[in-house]
Amino acid sequence: MKVAIVGAGIGGLALAQGLLKAGVEVRVFERDPSPVFRRQGYRIHVSPAGEEALAAVLPERVRRRVIETATRPGDLLAGFDTQLNALFEQTFPIGGPDSITSIDRYAFRRAMMTGLDEFIAFGKEFASYGVVGEGVEIRFADGTTEVADVLVGADGAGSRVRAQLLPEFEVHDSGIRCIYGKIPLTDAVRAVVPPSFLRGFCFVQGAAFAPVLFRTPPEEYGDYLMAVLTGTSEQLGRTDDELFAMPAEELWSLVGKQIADWHPVIGSLVSAADASAAFPIALRTCTSVMPWPEGPVVLLGDAVHPMLPSAGAGANTALWDAARLTDALTGGSTLASYQEEMLEHGMAAVTESLENGRRMFDLRTI
Ligand SMILES: Cc1cc2nc3c(=O)[nH]c(=O)nc-3n(C[C@H](O)[C@H](O)[C@H](O)COP(=O)(O)OP(=O)(O)OC[C@H]3O[C@@H](n4cnc5c(N)ncnc54)[C@H](O)[C@@H]3O)c2cc1C
């Protein structure tokens, strides 16, 4: 059997590793021109379910690489007001030396690509597919085609595979925009940063800070504090056209203006950021996860259950899907049972993210 995976994101790479480990012929087609393309370094929380899925699909040497490049586990979830008065605090036991509780997306993808060089084609933008006999012909934007027995759409929230397979699927705009940034943990920053910000995820009104303290940093950068500011277009004072056209430095100065009357330590942290690393995101979600027609085209991850990041569940659910789909494609179960389980599990994650989102954000549009 030959499996074609569109998208070398978190779910697509996990599936490729799982299938190759089981001896299945796999090709991954990724739109980005290279693995080091664009701003993708932000922190992702890994849940026990995500960790379990990774253990199931990854060959041991790749799992070791992922553990080495993961962040050192934190033990805190806390909330503060804008003057840094503590509002709540929850602590967790710190996992063992091999536990993976959070990862930097870029370092994680690089580790997950270990051993996949000859199986991933970069600069291959999926355009459409056609079912041919019992297989599928995949057409790319560069005019080339490939044939496979199974096509997996692992191409994220804006999935083109899903757009063709499930044209009626609705993705809702939450109206919430996020500006992400990176504050390198220099000695000067470490001297002022509140200790809680180095222990785990800390909310500060409409913003959040979380540490990325690498076990082994990537070549390109070192430890940093992820910072994110959220708000509606009205709260940010910018339309989408303006926000998404802004150069990174201008975006970051918008964050500086928004927090101008917050505690001076927040101001110092925001000033110490790498402004060129800032990027905006529109938070989108589905409200129900839809089944797809039986056949050689299947979906996983954000392609089939895009969700708000408010439960820290999107990547973990994509990893869970990848482990179950590996089973289904290697004879441990069937594509029909993958779909059935995925619908239930994916819907639970979407619902939890929406419920958390309603508490955290001003969600007037969904
Ligand atoms: C800032 C932020 C913080 C987050 N934090 C968390 C967290 O703490 N925990 C958590 O579980 N989740 C988190 N998430 C969600 C998580 O990142 C996603 O749910 C996860 O990446 C989904 O994985 P995926 O493989 O389905 O899609 P993606 O990782 O988005 O991968 C899709 C891939 O497909 C490629 N692609 C797209 N279109 C095409 C095409 N036409 N042709 C070829 N390739 C294509 C893309 O370039 C990309 O590489 C966060 C998301 C964001 C934005």
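Parameters at a glance
Residues numbered from 1 in each chain as written. Predicted model: local features only at pLDDT ≥ 70, side-chain atom pairs only at ≥ 80, totals over all residues. Heavy atoms only, no water. Helix = DSSP H or I, 4+ residues; strand = E, 2+ residues; numbered from the N terminus. Rg over C-alpha atoms; globule rule 2.2 N^0.38 Å. Contact = heavy atoms within 4.5 Å. Areas by Shrake-Rupley, 256 points an atom, 1.4 Å probe, with all protein chains shown as cover. Phe/Tyr/Trp six-rings, centres within 6.5 Å; stacked < 30°, edge-to-face > 60°. Buried < 20%, exposed > 50% of the residue type's maximum accessible area, 1.4 Å probe, protein only. Lys NZ or Arg CZ within 6 Å of the ring centre and 35° of its normal. Pairing = 2+ DSSP bridges. Core = buried A, V, L, I, M, F, W, Y, C linked by side-chain atoms within 4.5 Å. Domains from an automatic or database assignment. Buried area = accessible area lost by both parts, 1.4 Å probe. Salt bridge = Lys/Arg side-chain N within 4 Å of Asp/Glu carboxyl O. Polar contact = N/O pair within 3.5 Å; in protein donor to acceptor, adjacent residues only side chain to side chain. Nonpolar A, V, L, I, M, F, W, Y, C, P; charged D, E, K, R; others polar. Near = heavy atom within 4 Å. Axes fitted to C-alpha atoms, helices over the stretch in contact; angles between N-to-C directions. Parallel < 35°, antiparallel > 145°, perpendicular 65-115°, else oblique. Left-handed = near helix turned anticlockwise from the far one by under 90°. Expected span 1.5 Å × (residues − 1).

## Looking at the overall build of the chain
Here is step 1 of the chain: When its secondary structure is counted, the chain shows 12 helices and 17 strands.
Here is step 2 of the chain: A compact globule built from 366 residues should have a C-alpha radius of gyration of about 21 Å, and the chain, at 20 Å, falls within 12% of that.
Here is step 3 of the chain: Reported as C-alpha extents along the three principal axes, the dimensions of the chain are approximately 65 × 45 × 35 Å.
Here is step 4 of the chain: By sequence separation, contacts in the chain at least 24 residues apart represent 72% of the contacts at least 6 residues apart.
Here is step 5 of the chain: Summed over all atoms, the accessible surface of the chain reaches about 15,700 Å², with 51% contributed by carbon and sulfur.

## Description of the packing of aromatic side chains
Here is step 1 of the chain: Within this structure, the stated rule accounts for 13 aromatic pairs.
Here is step 2 of the chain: Each ring, one from tyrosine 42 and one from phenylalanine 279, has its centre 6.1 Å from the other, and the planes form 40°; the classification is tilted. On the criterion of sequence distance, the pair formed by tyrosine 42 in the loop between strand 2 (25-29) and strand 3 (43-45) and phenylalanine 279 in strand 16 (residues 279-285) is long-range, its members being 237 residues apart.
Here is step 3 of the chain: A relative accessible area of 22% means that tyrosine 42 is categorised as partly exposed.
Here is step 4 of the chain: The buried category is assigned to phenylalanine 279, whose relative accessible area is 8%.
Here is step 5 of the chain: Ring centres 5.1 Å apart and planes at 55° place the aromatic pair phenylalanine 201 and phenylalanine 203 in the tilted group.
Here is step 6 of the chain: Residue classification places phenylalanine 201 among the partly exposed residues on the basis of a relative accessible area of 23%.
Here is step 7 of the chain: An aromatic cluster of at least three residues, connected via ring pairs, comprises Tyr106, Phe214, Tyr221 and Tyr224.
Here is step 8 of the chain: Here the basic side chain of lysine 182 rests over the ring of tyrosine 221, its NZ or CZ set 3.4 Å away from the ring centre.
Here is step 9 of the chain: One cation-aromatic arrangement involves lysine 182 over tyrosine 224; the distance from NZ or CZ to the ring centre is 4.7 Å.

## Details of the sheet that holds strand 11 (residues 150-153)
Sheet strands pair by backbone hydrogen bonding; their relative direction is either parallel or antiparallel.
Here is step 1 of the chain: The sheet built from 5 strands is open, its strands ordered 7-2-1-11-17 with parallel pairing. A single partner strand is all that each edge strand has here, and the edge strands are strand 7 (120-121) and strand 17 (297-299).
Here is step 2 of the chain: Bridging between strand 1 (residues 2-6) and strand 11 involves 4 bridges; their strand directions are parallel. Opposite isoleucine 5, over in strand 11, you have valine 152 as the bridge partner.

## Looking at the nonpolar core
Here is step 1 of the chain: Within the largest apolar cluster, 86 residues are counted, with the highest numbers of intra-cluster contacts made by Ile5, Met112, Leu151, Val152, Trp292 and Leu325.
Here is step 2 of the chain: Counting 34 residues, the second largest nonpolar core, distinct from the first, contains Leu225, Met246, Leu251 and Trp262.

## Points about the domain arrangement of the chain
Here is step 1 of the chain: Here the chain is partitioned into domain 1 (2-35 + 113-171 + 286-360) and domain 2 (173-284).
Here is step 2 of the chain: For domain 1 versus domain 2, the separation of C-alpha centres amounts to 30 Å.
Here is step 3 of the chain: At the junction of the two partners, domain 1 supplies 6 residues and domain 2 supplies 5 residues.
Here is step 4 of the chain: Summed over both partners, the interface of domain 1 with domain 2 comes to about 430 Å²; 77% of that surface belongs to carbon and sulfur atoms.
Here is step 5 of the chain: For domain 1, the biggest contributors to the area lost against domain 2 are Val171, Leu308 and Pro309; these three give 71% of the whole.
Here is step 6 of the chain: Taken together, the connections running from domain 1 to domain 2 amount to 0 salt bridges.
Here is step 7 of the chain: There are 0 residue pairs in polar contact (both at pLDDT 80 or more) connecting domain 1 and domain 2.
Here is step 8 of the chain: Residue composition of the side of domain 1 that touches domain 2, grouped by class: 6 nonpolar, no polar and no charged.

## Observations regarding the site of the ligand
Here is step 1 of the chain: In the vicinity of the ligand, 34 residues are found, and the nearest of them are Gly11, Glu30, His45, Arg105 and Asp302.
Here is step 2 of the chain: Here isoleucine 10 contributes a backbone N or O atom positioned 3.2 Å from an oxygen atom of the ligand.
Here is step 3 of the chain: Here the ligand has 1,000 Å² of accessible area as a free molecule, and 90% of this is covered by the chains.
Here is step 4 of the chain: Only helix 1 (10-21), strand 3, helix 4 (105-112) and helix 11 (314-329) provide two or more residues apiece to the shell around the ligand.
Here is step 5 of the chain: In terms of residues, the shell around the ligand owes the most to one element, helix 11, which gives 4 residues.
Here is step 6 of the chain: Along the lines of polarity and charge, the residues of the shell around the ligand split into 13 nonpolar, 10 polar and 11 charged.

## Points about the pattern of salt bridges
Here is step 1 of the chain: The full count for this structure, using the stated rule, is 13 salt bridges.
Here is step 2 of the chain: With its nearest N and O atoms 3.2 Å apart, the salt bridge here joins arginine 139 to glutamate 137.
Here is step 3 of the chain: With relative accessibility at 32%, the residue arginine 139 sits in the partly exposed group.
Here is step 4 of the chain: Among the ionic contacts, a cluster of salt bridges with common partners joins Arg72, Arg190 and Asp223.

## Overview of the packing of helix 1 against helix 4
Here is step 1 of the chain: In contact at an axis separation of 10 Å, helix 1 and helix 4 are set at 20° when each is read in the N-to-C sense. As the angle between them shows, helix 1 and helix 4 are arranged roughly parallel. You can see that helix 1 and helix 4 cross each other, and the crossing is left-handed. Within the contact between the two elements, helix 1 uses Ile10, Leu13, Ala14 and Gln17 and helix 4 uses Arg105, Phe108, Arg109 and Met112.
Here is step 2 of the chain: When its residues are assigned to classes, the contact of helix 1 with helix 4 shows 5 nonpolar, 1 polar and 2 charged.

## Observations concerning helix 1
Here is step 1 of the chain: Compared with an ideal rise of 1.5 Å per residue, which puts 12 residues at 16 Å, helix 1 spans 17 Å between its outermost C-alpha atoms and is within 8% of the ideal.
Here is step 2 of the chain: Helix 1 sits mainly inside the fold: 10 of its 12 residues count as buried.
Here is step 3 of the chain: Taken residue by residue, helix 1 has Ile10, Gly11, Gly12, Leu13, Ala14, Leu15, Ala16, Gln17, Gly18 and Leu19 as its buried positions.
Here is step 4 of the chain: At the C-terminal side of helix 1, glycine 23 shows a positive phi close to 85°.

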